[in-house]
Structure formats: structure tokens, C-alpha cells
Amino acid sequence: MNDMVPMGGFAPLDALGAPPRAPVSLSRRAKAAIVVRLLLNEGADLPIEELPEDLQISLTQQMGSMRSVDRDTLGAVVSEFAEELDSVGLSFPSGIGAALDVLDGKISRQTAARLRKEAGVRMAGDPWARLGELEPEKLLPVLENESVEVAAVMLSKLKVSTAADLLGRLPGPHARRITYAVSLTSAVTPDAVDRIGLSLAMQLDDQPQRAFDSDPVERVGAILNSSTTLTRDDVLEGLDETDQGFANAVRKAIFTFANIPTRIAPRDLPRVLREINQARLVLALAGAEAAGYANSRDFVLENMSARMADQLREEISEAGKVKPADAEEAMSEIVGAIREMEARGDLMLLSDEENEDT
């Protein structure tokens, strides 16, 4: 809309041919207030809260200073507003912040974070809603390193279940200090809570992007799971000499044919066997003793029906001596099937601690 428009110029002659009323000039702010008031009267849901704060203040002040508008003026403002809408072919977002909102998911997170940081633009949306979607494992370091006052606000804004989970992971004295600080948050202003949420969200977003989804232990464990026994043992021996702590962690991440008796619950074995080709199972069990995996063979045979176990023993006997390479290939296929079941959520492997408890 033009900044100042003689409103009377838009009013047509009435049915009796009376001349239009005297022109009334309105500022752009006044026209905007008229349009907003009309839309609100018609029940429109206007996202005024998404406007910058200074524009919200300006609109409120303008509406508060106005009293009434005649029908001719209203019609003229609406007509001008409609004409402007019709003449717009394409509109672009205003500012870097709005442009980043439009391109959310279309450009990389690293690029978006860099642009926000360089332009000093805050992230879109409610920071507490974003924080509430994070796992407790990601929130815990922030809770541990922030002051008890900030931690108290954080716990107060999160879901009760998440807050309780986080509190239970903290040392007793620290948890008690934060709990007491919650009792002092009644005077905290909404603006302060918003700034704290924004600061925490930016702190989490400022972490460097990781090139790999999994940690080094998981990656090395997955590689060694698919390696031959000779290669796996040689690598682990070398890791013991270089970094024994890392080597031990990798051993826990590895699942091989030898781990079947200790990592699979007997009740789960029948479900595992249904995923495995019986001919490959016979080949693996036939070569298990020569490879040093007699315990795994016995565990499999002892935790199935007696009829099926007798049938397998007969087939193993008929197979006779198998080539070590063929047996190891069959064992790798069985381990792969077990790993796939775990990845799908169809099988829960026991940890070393759970096995000791049983």
C-alpha cells in the first residue's frame, strides 16, 4: 500500500448520486491495523506472535489509538489491500533468519549453523520444544556443567519423566542442590527462561558435526565381526599392546560364533534358528569343535527340541570332517543373521554383566 492515500477517492457515488465524502488520509500503520482488525473480526487465526517484537508493539499501539472507521474507508483499505495481494507474483522471506526457515532441511545443518552464527540470527521456534525432543544422554552433560540456577530452570521446563531421569543420573549432592534451586524459580521471568533455553539450544547446536554416525568402538567391532578369526585375533592382540582399554571395549562390541552361549538367552535360540538355513547350520556345527567352538555347538543342540537335536547330530555325523574355511563361512553367516535380528529389534543380546547375573 502507498504510505498515504486519500481514502475518499475510492468511495463510489451512492444510489442517489451523492458525492463521495471528504478524503481521509491514513498511514500505512493505520491501514495495517484496519486489515488486522477486520480479519480478527472474521475469525481468522493470524500468527501475529511470529512478528518481530517491535512490530507487535507498533501494531498494538496503533490499534489502541484508533476508534472507528466508516464503511467507505474500510472498503477502500480492503480494496487496496486486495489489489496489492493480486499484484504480488512471488514473495521472498525477509532477512537471513526467515530465509533459513524456508530452506530448513534443504541445506546442510553445518551451513545453516554457520549462517546463523555469522548473521547473529537466533534459531526458529521454541528452544524448549527442541530441547525436549533430545535424549537424556545429550542433555546430561549440559545439566552437569551449567550452574544450579540454570539447571533448575532446565528441569522445570522439561517433561517430568525426562527431568526425573536426568536427576537420577546426577550425584546425590549435586541433585539436591538443583532440586533446592527449583524452589527459587518462582520469580524467573518468561524472557529469562526464553534466553536460557536459547543459550542451551545454541550450545548443543554448536557442537561440531560428526563424520560418522557410530563411535570408533562400534565401527571397529563391526569390521572385526566380519573378519576371519585369524585377522580378528591378530588385530585385537595389536590393540592390546597399543591401547588395552580400547581393545577391551572392542571385545565387548564384537559378537562371534564363540559368543553364542554367553550372549543369547536359551529361550531366544529357537527364534534364531528359524532365521538360519539348516544346511549352513549343519556345516557350522560340524566344524565347530575343530575351530575351538565346541561350547557353542553344545549350547545350540541342548536348547532345542530333542527330536530336532537328534536329527542335527545325525546330519553332523554324515557331514564328517569339513574344510575350516567352509565352516568359518557358515559361522559368519549365522553371526550375520543374529546381528540382523538385533538390528531389527527382534533379538536382545545379553551383556557380559547380564550373563554373569544369570
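Look above for the structure.
Cut-offs applied
Residues numbered from 1 in each chain as written. Predicted model: local features only at pLDDT ≥ 70, side-chain atom pairs only at ≥ 80, totals over all residues. Heavy atoms only, no water. Helix = DSSP H or I, 4+ residues; strand = E, 2+ residues; numbered from the N terminus. Contact = heavy atoms within 4.5 Å. Areas by Shrake-Rupley, 256 points an atom, 1.4 Å probe, with all protein chains shown as cover. Core = buried A, V, L, I, M, F, W, Y, C linked by side-chain atoms within 4.5 Å. Buried < 20%, exposed > 50% of the residue type's maximum accessible area, 1.4 Å probe, protein only. Axes fitted to C-alpha atoms, helices over the stretch in contact; angles between N-to-C directions. Parallel < 35°, antiparallel > 145°, perpendicular 65-115°, else oblique. Left-handed = near helix turned anticlockwise from the far one by under 90°. Nonpolar A, V, L, I, M, F, W, Y, C, P; charged D, E, K, R; others polar. Salt bridge = Lys/Arg side-chain N within 4 Å of Asp/Glu carboxyl O. Phe/Tyr/Trp six-rings, centres within 6.5 Å; stacked < 30°, edge-to-face > 60°. Patch = residues over 30% accessible without salt bridge, like charges linked within 9 Å, V, L, I, M, F, W, Y side chains within 5 Å. Lys, Arg positive; Asp, Glu negative; His and termini not counted. Charge placed at Lys NZ, Arg CZ, Asp CG, Glu CD. Arc of directions from axis to C-beta.

Peer 1: I'm lost on the overall build of the chain in this one. Help?
Peer 2: Each helix and strand in the chain was counted, giving 21 helices and two strands. For the chain, restricting intrachain contacts to residue pairs at least 6 apart in sequence, the fraction spanning at least 24 positions comes to 71%. Taken as a whole, the chain presents about 23100 Å² of accessible surface, with 53% of it coming from carbon and sulfur.

Peer 1: Is there a simple way to think about the nonpolar core in this case?
Peer 2: Soluble, globular proteins show a tendency: their nonpolar side chains are buried together. Formed by 34 residues in total, the largest nonpolar core has its most connected members in Phe 257, Ile 260, Leu 285 and Ile 338. When contributions to this core are tallied by element, the ones reaching two or more residues are α16 (269-273), α17 (278-286), α18 (294-302), α19 (306-319) and α20 (324-344). The leading source of residues in this core is α20, at eight residues. With sequence-adjacent residues up to four places away left out, Phe 257 is seen in contact with Ala 284, Leu 285, Ala 288, Tyr 293, Ser 296, Met 331, Ile 334 and Val 335.

Peer 1: What is the right way to read the packing of helix α12 (residues 216-225) against helix α14 (residues 244-253) from this model?
Peer 2: Packed helices, taken two at a time, are described by the angle their axes make and the gap between the axes. Where α12 contacts α14, the axes come no closer than 8 Å and their chain directions differ by 60°. Looking at the two axes, α12 sits oblique to α14. Crossing of α12 against α14: the hand is right-handed. Contacts from Pro 216, Val 217, Val 220, Gly 221, Leu 224 and Asn 225 of α12 reach α14 at Phe 246, Ala 249, Val 250 and Ala 253. A per-class count over the contact of α12 with α14 returns eight nonpolar, two polar and no charged.

Peer 1: Help me understand the pattern of salt bridges, please; the structure alone is not making it clear to me.
Peer 2: It is possible for side chains bearing opposite charge to pair when their charged atoms get close. Applying the stated rule across the entire model yields 14 salt bridges. The closest approach of N and O atoms between Glu 80 and Lys 31, which form a salt bridge, is 3.5 Å. Placement of the pair is Glu 80 in helix α3 (residues 71-87) and Lys 31 in helix α1 (residues 28-41), with a sequence separation of 49 residues. Pair check on accessibility: Glu 80 and Lys 31 agree, each one buried. Here Glu 289 makes a salt bridge to Arg 297, at a shortest N to O gap of 3.0 Å. Residue classification places Glu 289 among the exposed positions, given a relative accessible area of 53%. Salt bridges sharing common partners tie together Glu 137, Asp 165 and Arg 169.

Peer 1: For this particular structure, what's the right way to read the environment of Pro 141?
Peer 2: For Pro 141, the position within the fold is in helix α7 (residues 136-145). Along the chain, Pro 141 and Leu 204 lie 63 residues apart, while their C-alpha atoms are 9.9 Å from each other.

Peer 1: Just to check I follow, could you spell out the environment of Lys 323 for this structure?
Peer 2: Summarising the element assignment, Lys 323 is placed in the loop between α19 and α20. A C-alpha to C-alpha distance of 9.7 Å links Lys 323 and Ala 286, two positions 37 residues apart in sequence.

Peer 1: It is not clear to me how the packing of aromatic side chains should be interpreted in this structure. Could you clarify?
Peer 2: For any pair of aromatic rings, geometry is given as the distance between the ring centres together with the angle between the planes. Applying the stated criterion to the full structure yields one aromatic pair. Between Phe 257 and Tyr 293, the ring centres sit 5.9 Å apart and the planes meet at 45°, which makes this aromatic pair tilted. Taken as a pair, Phe 257 in the loop between α14 and α15 (260-263) and Tyr 293 in the loop between α17 and α18 lie far apart in primary sequence, 36 residues in all. Residue Phe 257 shares its accessibility class with Tyr 293, and that shared class is buried.

Peer 1: Got a minute to help me understand the environment of Ser 226 in this structure?
Peer 2: One can find Ser 226 in the loop between α12 and α13 (229-242). In sequence terms Ser 226 and Val 335 are 109 residues apart; their C-alpha atoms lie 8.8 Å from each other.

Peer 1: Hey, could you run me through the packing of α13 against α14 in this one?
Peer 2: With their axes 6 Å apart at the nearest point, α13 and α14 run at an angle of 145° to one another. On α14, the residues touching Leu 236, Leu 239, Asp 240 and Thr 242 of α13 are Gln 244, Phe 246, Ala 247, Asn 248, Val 250 and Arg 251.

Peer 1: Could you clarify how one ought to interpret a negative patch on the surface in this entry?
Peer 2: Residues Asp 233, Asp 234, Glu 237 and Glu 241 make up a contiguous surface patch of negative charge. As for its position among the elements, Asp 233 is in helix α13.

Peer 1: Sorry if this is basic, but what is going on with the side chain of Ser 296 here?
Peer 2: Along the polypeptide, Ser 296 turns up in helix α18. Not counting the four nearest positions on each side in its chain, Ser 296 is found in contact with Phe 257, Ala 258, Ile 260 and Pro 261.

Peer 1: For this particular structure, what's the right way to read helix α10 (residues 172-182)?
Peer 2: Note on helix geometry: an α-helix contains 3.6 residues per turn, so any two residues three or four positions apart are oriented the same way. Turning to α10, its buried residues are His 174, Ala 175, Ile 178 and Ala 181. Seen end-on, α10 carries its buried residues on one side only, within an arc spanning 125°. What points out from α10, more than 90 degrees from its buried face, is the exposed set Arg 176 and Tyr 180. Tucked into the core, α10 has its buried residues touching α7, α8 (148-157) and α9 (160-169).

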